[in-house]
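Letter by letter, the chains look like this.
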Amino acid sequence: DAGITQSPRHKVTETGTPVTLRCHQTENHRYMYWYRQDPGHGLRLIHYSYGVKDTDKGEVSDGYSVSRSKTEDFLLTLESATSSQTSVYFCATKLTANTEAFFGQGTRLTVV
Amino acid sequence: DQQVKQNSPSLSVQEGRISILNCDYTNSMFDYFLWYKKYPAEGPTFLISISSIKDKNEDGRFTVFLNKSAKHLSLHIVPSQPGDSAVYFCAATSSGSGGYQKVTFGIGTKLQVIP
């Protein structure tokens, strides 16, 4: 398994505050992804990166931004958290585009 | 609009019997399909995949069947074991989405294997 660490694993934050989730990988995979998992919606892509400083939007990118300054780190920022962003967030990595994804253990975020 | 649909939210099967999980897709550009398994409080893990040039791929107890004309795929688990109890996600991607960069997931099917 790719060494993927998400931090924090759990977080409770207040509406309107900025929040940053971190994904760290040790496998030198080129591609990194942020998904959110919600009941009735499965896994939905927020943003992804195809290299250092190269990112693109997914299907639910509004209210989120990302940065990737190093191969191993992919940060997801909620600029002003809202209750609709309460979710479980998963980071994933892929060695190449056409290989399977490896997922982190998830971050449970609650916005109150 | 869900492009990957898993219409059965849950499935219960007796240990030793076959489990069949179904998935339908609407995007005709999808040409590579994957199944992931997820246990509670863990991230999904890759299970098996199939390219659109094939109609079947087998890996041990797991077999995925693809029917392109019906835009349907299914995952067969034989024999089912209690450790197979998990949520199974169907996923699809295409060479057109930046060369498989983006993957679209279904909402998942929760499988319970009863001892």
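Anyway, here's the lowdown on the structure attached to this text. (Residues numbered from 1 in each chain as written. Chains lettered and ligands numbered in written order. Predicted model: local features only at pLDDT ≥ 70, side-chain atom pairs only at ≥ 80, totals over all residues. Heavy atoms only, no water.)

1. A few points about empty space enclosed by the protein
One pass over the full model with this rule turns up one cavity of 30 Å³ or more. Taken as a whole, the largest cavity encloses approximately 60 Å³ of empty space. Lining the largest cavity are 14 residues, and of these Lys94 and Thr99 of chain A together with Leu34, Tyr36 and Val103 of chain B lie nearest its centre. Those elements giving two or more residues to the lining of the largest cavity turn out to be strand S4 (32-38) and strand S10 (103-105) of chain B. Considering every element that reaches the lining of the largest cavity, the biggest residue donor is S4 of chain B, with three residues. (1 Å grid on protein atoms, 1.4 Å probe; cavity = no way out; pocket = protein on both sides within 12 Å on 5 of 7 lines; lining within 4 Å. Points joined across faces, edges and corners; volume = space filled by probe spheres on them. Helix = DSSP H or I, 4+ residues; strand = E, 2+ residues; numbered from the N terminus.)

2. Concerning the pairing of strand S1 (residues 4-7) of chain A
All names here are of chain A. With burial as the criterion, only one face of S1 is covered, namely that bearing Ile4 and Gln6; the residues Thr5 and Ser7 on the opposite face remain uncovered. Pairing analysis gives four bridges linking S1 to strand S3 (residues 19-25), with the strands arranged antiparallel. Bridge assignment links Gln6 to a residue of S3, and that residue is Cys23. (Buried < 20%, exposed > 50% of the residue type's maximum accessible area, 1.4 Å probe, protein only. Pairing = 2+ DSSP bridges.)

3. Some thoughts on the interface of chain B and chain A
With 18 residues of chain B in contact, the opposing surface of chain A contributes 22 residues. Buried surface at the junction of chain B and chain A, both sides included, amounts to about 1600 Å², of which 59% is carbon and sulfur. When the buried surface of chain B facing chain A is broken down by residue, Gln101, Lys102 and Phe105 of chain B rank first, second and third, together holding 34% of it. On the surface where chain B and chain A come into contact, there are zero salt bridges. Scanning the region where chain B abuts chain A turns up five residue pairs in polar contact (both at pLDDT 80 or more). For the side of chain B that touches chain A, the secondary-structure elements that each account for two or more residues are S4 and S10 of chain B. Per-element accounting of the side of chain B that touches chain A gives the leading share, three residues, to S4 of chain B. Considering only residue class, the side of chain B that touches chain A consists of ten nonpolar, five polar and three charged. (Contact = heavy atoms within 4.5 Å. Buried area = accessible area lost by both parts, 1.4 Å probe. Salt bridge = Lys/Arg side-chain N within 4 Å of Asp/Glu carboxyl O. Polar contact = N/O pair within 3.5 Å; in protein donor to acceptor, adjacent residues only side chain to side chain. Nonpolar A, V, L, I, M, F, W, Y, C, P; charged D, E, K, R; others polar.)

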